[in-house]
Amino acid sequence: PSRDALACLSRIPAPGKVTLLHIIDKGESKEEIQAAVGDAKEKLAGIAQELAGRGLDVEPVVHVGYPPDDITATADRLSATLILMSPKGEGWMRELRSLFLGSTTNAVVRRAHRPVLITAGNGGA
């Protein structure tokens, strides 16, 4: 789902520094969480390399925590000018609290002190 949000970056004039943030929010064991962190770092590194090839300044970041709180806290700590999200993330199927926005996106919109742009889901905003 985040590919739609990434597609919007090319239409944002002078996006500045881009932080790719992935939050690991589940795992049955310490080993499972560490494996998920490793997978996320590998995935973000590939995306960061692709975006850097387009001339963007990109930093991939992986945290373990509660996504809505971590997203908003990271945006505040970095003085982000925009939080760019897809309407639904990987967990939207397991939490059908909202038909149009996933629970994480919905929570970020309610808690954020920064502007939030939600992509349309078809590569557009």
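See the structure above.
For the structure given in this document, a descriptive report is provided here. (Residues numbered from 1 in each chain as written. Predicted model: local features only at pLDDT ≥ 70, side-chain atom pairs only at ≥ 80, totals over all residues. Heavy atoms only, no water.)

So, the packing of helix 3 (residues 67-77) against helix 4 (residues 103-111)
Between helix 3 and helix 4, the least distance of the axes is 9 Å, while the angle of their chain directions is 45°. On the basis of the axis angle, helix 3 is oblique to helix 4. At the point where helix 3 passes helix 4, the crossing takes the right-handed sense. Residues Pro-67, Pro-68, Asp-69, Ile-71 and Thr-72 of helix 3 touch helix 4, and the partners they reach there are Thr-104, Ala-107, Val-108 and Arg-111. When the residues that make up the contact of helix 3 with helix 4 are grouped by side-chain class, the tally is 5 nonpolar, 2 polar and 2 charged. (Axes fitted to C-alpha atoms, helices over the stretch in contact; angles between N-to-C directions. Helix = DSSP H or I, 4+ residues; strand = E, 2+ residues; numbered from the N terminus. Parallel < 35°, antiparallel > 145°, perpendicular 65-115°, else oblique. Left-handed = near helix turned anticlockwise from the far one by under 90°. Contact = heavy atoms within 4.5 Å. Nonpolar A, V, L, I, M, F, W, Y, C, P; charged D, E, K, R; others polar.)

Here we look at helix 4
Restricting attention to buried positions, one finds in helix 4 the residues Ser-103, Thr-105, Ala-107 and Val-108. Structurally, helix 4 contributes buried residues whose contacts are with helix 3, strand 3 (83-85) and strand 4 (116-118). (Buried < 20%, exposed > 50% of the residue type's maximum accessible area, 1.4 Å probe, protein only.)

Some words on unusual backbone geometry
Although it is not a glycine, Ser-79 adopts a positive phi angle of roughly 55°. Position of Ser-79 among the secondary structure elements: in the loop between helix 3 and strand 3. Judged by relative accessible area, which is 48%, Ser-79 ranks as partly exposed.

Digging into the pattern of salt bridges
Enumeration over the complete set of coordinates arrives at 4 salt bridges. The partner of Glu-59 in a salt bridge is Lys-17, with the nearest N and O atoms 3.3 Å apart. Taken together, the positions of Glu-59 in strand 2 (residues 57-64) and Lys-17 in strand 1 (residues 17-24) put the pair 42 residues apart, joining distant regions of the chain. Looking at Glu-59, the relative accessible area reads 31%, which means it is partly exposed. As a salt-bridge pair, Asp-69 and Arg-111 come within 2.8 Å of each other at their nearest N and O atoms. With Asp-69 in helix 3 and Arg-111 in helix 4, the pair connects residues that are 42 residues apart, well separated along the chain. (Salt bridge = Lys/Arg side-chain N within 4 Å of Asp/Glu carboxyl O.)

Looking at the nonpolar core
Ranked by internal contacts, the top residues of the largest apolar core, which has 14 residues, are Leu-6, Leu-9, Leu-20, Ile-47, Leu-51, Val-58 and Val-62. Here this core takes 6 residues from helix 2 (residues 30-52), the largest share from any one element. Discounting residues that sit within four places of it in the chain, Leu-9 has contacts with Val-18, Leu-51, Leu-56 and Leu-84. Counting 8 residues, the second-largest nonpolar core is a separate cluster that includes Ile-23, Ile-83, Met-85 and Val-108. (Core = buried A, V, L, I, M, F, W, Y, C linked by side-chain atoms within 4.5 Å.)

Some thoughts on helix 3
Those residues of helix 3 not exposed but buried are Pro-67, Pro-68, Asp-70, Ile-71, Thr-72, Thr-74 and Ala-75. Buried positions along helix 3 lie against strand 1, strand 2, strand 3 and helix 4. Two residues or fewer past helix 3, Ser-79 is found with a positive phi of approximately 55°.

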